[in-house]
Amino acid sequence: MLEREEASLLRWRASFISYCFIAILFVLAFGFWNAQVVQSGYYEQRAEENRIRQIPLRAPRGRIFDRFHRVLADNRPSYDIILIRENSPHTVEQTAAMLAEGVTMSKDELMDRINHKKHDPKFRPIILKEDVSVGDIAYVKAHKYELPEISIELQPRRRYLQDQMAAHAMGYVGEVTEAELATPDFVDFKSGDQVGKTGLEREYNNVLVGKDGFKRVIVNNFGREMGKLDEEPFTAGNDLMTTIDLDLQRAAEDAVGDQMGAVVALDPRNGEILAFVSKPAYDPNLFATRISAADYRSLADDPRKPMLDRAIQSKFAPGSVFKVFEAAAALEAGTLNPLRTIFCGGSEVFYGRSFACDKHHGTLDLHEAIVHSCDIYFYNVGKELGIDNISTYAKMMGLGRKTGVDLPNEETGLIPSREWKLKALKAKWYEGETISVAIGQGYVNITPIEVAWAMGGLTTGGRLKQPHLVNPQELKKLGFPANEVVEEDYPIQESTVDFVTQAMWGVVNEQGGTGGNARVNGFEVGGKTGTAQIVGGKDAGKTNKDRRENAWFVGFAPYRNPEIVVATIIQNGGWGSEAAAPVAHAVLDTYYKKKIGQFDGKLATIAAK
């Protein structure tokens, strides 16, 4: 009986072992079939990836030129240290520790870079350090066998030859962010790519950016390069020709100096921007290599706001510059006879409140009121014209509207009306507020480019040409679609244009005119000064420089059929005649000397007082 039980147990054990053996064989056979048949393509691809590595060949961005083909921005050779985690023999902590011994970065700094990209595919390169030194390159090359996951990659780096000059027009480049990659504009980009962030770099990023190439190399199990298979060269970005005249740009920048302000010079006949200044500025070269935290904080915390593009984003009360547009509006509306005289005794009461003028001008007609910038005269003009007429005509002439300049983030100025105040402030308009608007104060504010655009339209008989830094024809030559420059014509009588331009000629050239500092010998310059109060009232600037008036001058030349308009604002500059008119003079003088062939590269300026 016992023997029978033992024999049965042995048979059961033998059967169990046989079944287990068969099961193991089945599992092995299934795995073999799965690997060799079902997932053969996957494993073949992985094996190929382990054997072949694709190295990107970075394409340089296109160069940016001024209108005479002088280089404003190009590229310089530069090298980055790259990490590819796939097939690395080390953990990322080990790699960071080993690399930190030879490059001027701590392990923590390297780990920050790695962790920032930890969700990216492992085959995608991570930039650990940009624009590395010869010493860094030597260390990586010397340790290529210990650190096969680390390599050196050529990265053409943006270079702005004029440093801060025209910085806000140029813009800057930087690494594309995750948020940008989620937008349609950057659908063809990938993490690590350099893209335009602001200015022309951003506006024409699709023109300037090139197409990266690649080379495929054979690597061993440790990721070491063993040979080269093939290569597709990169395609450089397209060069971009701008309308900027570097000589005028330099003249404007030098004349503004260390002051806060903006200058926009354009050709009113076609809208081409000749000079575009916003001060203080920043050096876009800082962004070409990843800007340091200290440098960025310095820019962000600077109370003078160097990153702000004052030419298109800052809105200022225009002060007496507004009088010219108001005069044109009153003439067009028929509420003003240009021969009408008004007595200025230094002040006058409107709606129970006394409004002052800077001088006792006595009796003036419209021409004299513009030449001497009499506030009393224009208080009366504004009162009779009314706020809604002022608003309608000013907007028609281009004020309080976007110009459509080919730069990102343009702001819109404000020309108030009864409707605007009721909608925006939930309050009715008080007639006394019209008196302030009549001299460019109160709620009215505009950007420097708006006033340059509007002055160009007024002096050319109601033709508003869209300001631009790149001609559409240049884009079409490169094969890119481009809309034509927008021309917007508004109705205005020739007699009105003749009258106001003649008066603005008088501002610069007649005895007692407020714009004499903009005069250029031989060039028929016209213009209008403005001295706009800021917070604190009329006399606040006498005790606090930060509350001095903003100085304006908007000039043009020749005063018949103008070729150039220059709008200048100097923040806290005081009188427009003393701070802003000399800046316009520098630009107009340079333009005229070039026009008559007498420009020798030396800039003649009148020192701002």
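Residues numbered from 1 in each chain as written. Predicted model: local features only at pLDDT ≥ 70, side-chain atom pairs only at ≥ 80, totals over all residues. Heavy atoms only, no water.

Caption draft 1: Quick look at the overall build of the protein. If you tally the helices and strands in the protein, you get 24 helices and 23 strands. By the compact-globule yardstick of 25 Å for 609 residues, the protein is too spread out, its C-alpha radius of gyration being 34 Å. In terms of overall dimensions, the protein has a C-alpha envelope of 140 × 60 × 50 Å along the principal axes. Counting the 609 residues in the protein, one finds 49% classified as buried. Counting contacts in the protein only where the partners sit at least 6 residues apart, residues at least 24 apart contribute 71% of the total. A total accessible area of about 28,600 Å² is found for the protein, and carbon and sulfur atoms account for 52% of it. Positive and negative side-chain charges in the protein, numbering 72 and 81 respectively, have mean positions lying 2 Å apart. (Helix = DSSP H or I, 4+ residues; strand = E, 2+ residues; numbered from the N terminus. Rg over C-alpha atoms; globule rule 2.2 N^0.38 Å. Buried < 20%, exposed > 50% of the residue type's maximum accessible area, 1.4 Å probe, protein only. Contact = heavy atoms within 4.5 Å. Areas by Shrake-Rupley, 256 points an atom, 1.4 Å probe, with all protein chains shown as cover. Lys, Arg positive; Asp, Glu negative; His and termini not counted. Charge placed at Lys NZ, Arg CZ, Asp CG, Glu CD.)

Caption draft 2: Representation of the packing of aromatic side chains in the model. Taken as a whole, this structure holds 14 aromatic pairs when the rule is applied. Their ring planes at 50 degrees and their centres at 5.9 Å tell us that Trp 429 and Tyr 443 sit as a pair that is tilted. Note that Trp 429 is positioned in the loop between α18 (418-425) and α19 (431-437) and Tyr 443 in the loop between α19 and α20 (448-459), a separation of 14 residues in sequence. Residue classification places Tyr 443 among the partly exposed positions, given a relative accessible area of 28%. Linked through ring pairs, Tyr 172, Tyr 282 and Phe 287 together constitute an aromatic cluster. (Phe/Tyr/Trp six-rings, centres within 6.5 Å; stacked < 30°, edge-to-face > 60°.)

Caption draft 3: View of the nonpolar core. Phe 325, Tyr 377, Phe 378 and Leu 458 are the most contacted members of the largest nonpolar core, which has 99 residues in total. Non-local contacts of Leu 458, meaning those with residues more than four positions away in its chain, are made with Val 324, Phe 325, Ala 328, Met 397, Tyr 490, Ile 492, Val 497 and Val 500. Formed by 30 residues, the second largest nonpolar core is a distinct cluster that contains Val 263, Ile 564, Val 587 and Leu 588. (Core = buried A, V, L, I, M, F, W, Y, C linked by side-chain atoms within 4.5 Å.)

Caption draft 4: Quick peek at the sheet that holds strand β23 (residues 564-570). An order of β14-β13-β23-β22-β21 is seen for the five strands of this open sheet, with the pairing classed as antiparallel. At either margin of the open sheet sits one strand with a lone partner, and together these are β14 (273-279) and β21 (526-532). Averaged over all adjacent pairs, the angle separating strand axes in this sheet is 5 degrees, with direction ignored. On top of the sheet, helix α10 (residues 246-256) reaches β13 (261-266), β14 and β23; it is set at about 25 degrees to β14, its chief contact. Where α20 meets the sheet, its contacts fall on β13, β14, β22 (550-557) and β23, and the angle it forms with β23 comes to roughly 145 degrees. (Pairing = 2+ DSSP bridges. Axes fitted to C-alpha atoms, helices over the stretch in contact; angles between N-to-C directions.)

Caption draft 5: Spotlight on the environment of Phe 599. Considering the arrangement of structural elements, one finds Phe 599 in the segment after α24 (581-595). For the pair Phe 599 and Asp 247, spaced 352 residues apart in sequence, the C-alpha separation works out to 9.4 Å. Those residues within four positions of Phe 599 in sequence are excluded, and the remaining contacts are Asp 247, Thr 590, Lys 593 and Lys 594.

Caption draft 6: Spotlight on the layout of surface pockets. Counted as a void, the largest pocket has a volume near 1,200 Å³. Considering the residues around the largest pocket, the lining is formed by 49 residues, among which Arg 58, Arg 124, Pro 125, Ser 191 and Gly 192 are closest to the centre. Mapped onto the lining of the largest pocket, the elements with two or more residues apiece are α2 (40-51), β1 (52-57), α4 (107-116), β5 (126-129), β8 (173-175), β10 (213-219), α11 (285-288) and α12 (293-301). Of the residues forming the lining of the largest pocket, the biggest block, five residues, is contributed by β1. (1 Å grid on protein atoms, 1.4 Å probe; cavity = no way out; pocket = protein on both sides within 12 Å on 5 of 7 lines; lining within 4 Å. Points joined across faces, edges and corners; volume = space filled by probe spheres on them.)

Caption draft 7: Structural context of the pairing of strand β16 (residues 347-350). Of the strand pairs in this sheet, β16 and strand β17 (residues 353-356) are connected by four bridges, and their pairing is antiparallel. Within the sheet, the bridge partner assigned to Val 349 lies in β17 and is Ser 354. Between the antiparallel neighbours β16 and β17 lie two residues, among them Tyr 351 with a positive phi of about 50 degrees.

Caption draft 8: A look at the sheet that holds strand β7 (residues 157-160). Pairing is mixed across the open sheet formed by four strands, whose spatial order is β7-β3-β2-β12. The two strands at the open ends of the sheet, each matched to only one other strand, are β7 and β12 (240-241).

Caption draft 9: Main features of empty space enclosed by the protein. Enumeration over the complete set of coordinates arrives at three cavities of 30 Å³ or more. Forming the boundary of the largest cavity are Leu 72, Tyr 160, Gln 162, Asp 163, Met 165, Ala 166, Met 170, Ile 244, Leu 246, Gln 249 and Pro 284. Of the residues assigned to the lining of the largest cavity, the class counts are eight nonpolar, two polar and one charged. (Nonpolar A, V, L, I, M, F, W, Y, C, P; charged D, E, K, R; others polar.)

Caption draft 10: Quick peek at the packing of helix α14 (residues 321-333) against helix α16 (residues 375-385). It is the contact of α14 with α16, at a shortest axis distance of 10 Å, that shows an interaxial angle of 45 degrees. Relative to α16, the element α14 lies oblique. For α14 against α16, the interelement crossing comes out left-handed. In this structure, α14 uses Lys 323, Glu 326, Ala 327, Ala 329, Ala 330 and Ala 333 to contact α16, whose residues at the interface are Asp 375, Phe 378, Val 381, Gly 382 and Leu 385. Looking at side-chain class alone, the contact of α14 with α16 contains seven nonpolar, one polar and three charged residues. (Parallel < 35°, antiparallel > 145°, perpendicular 65-115°, else oblique. Left-handed = near helix turned anticlockwise from the far one by under 90°.)

Caption draft 11: Representation of a nonpolar patch on the surface in the model. A cluster of nonpolar side chains, Phe 26, Val 27, Phe 30, Trp 33 and Val 38, forms an exposed patch at the surface whose accessible area comes to about 550 Å². Its relative accessible area of 59% is what places Phe 26 among the exposed residues. (Patch = residues over 30% accessible without salt bridge, like charges linked within 9 Å, V, L, I, M, F, W, Y side chains within 5 Å. Salt bridge = Lys/Arg side-chain N within 4 Å of Asp/Glu carboxyl O.)

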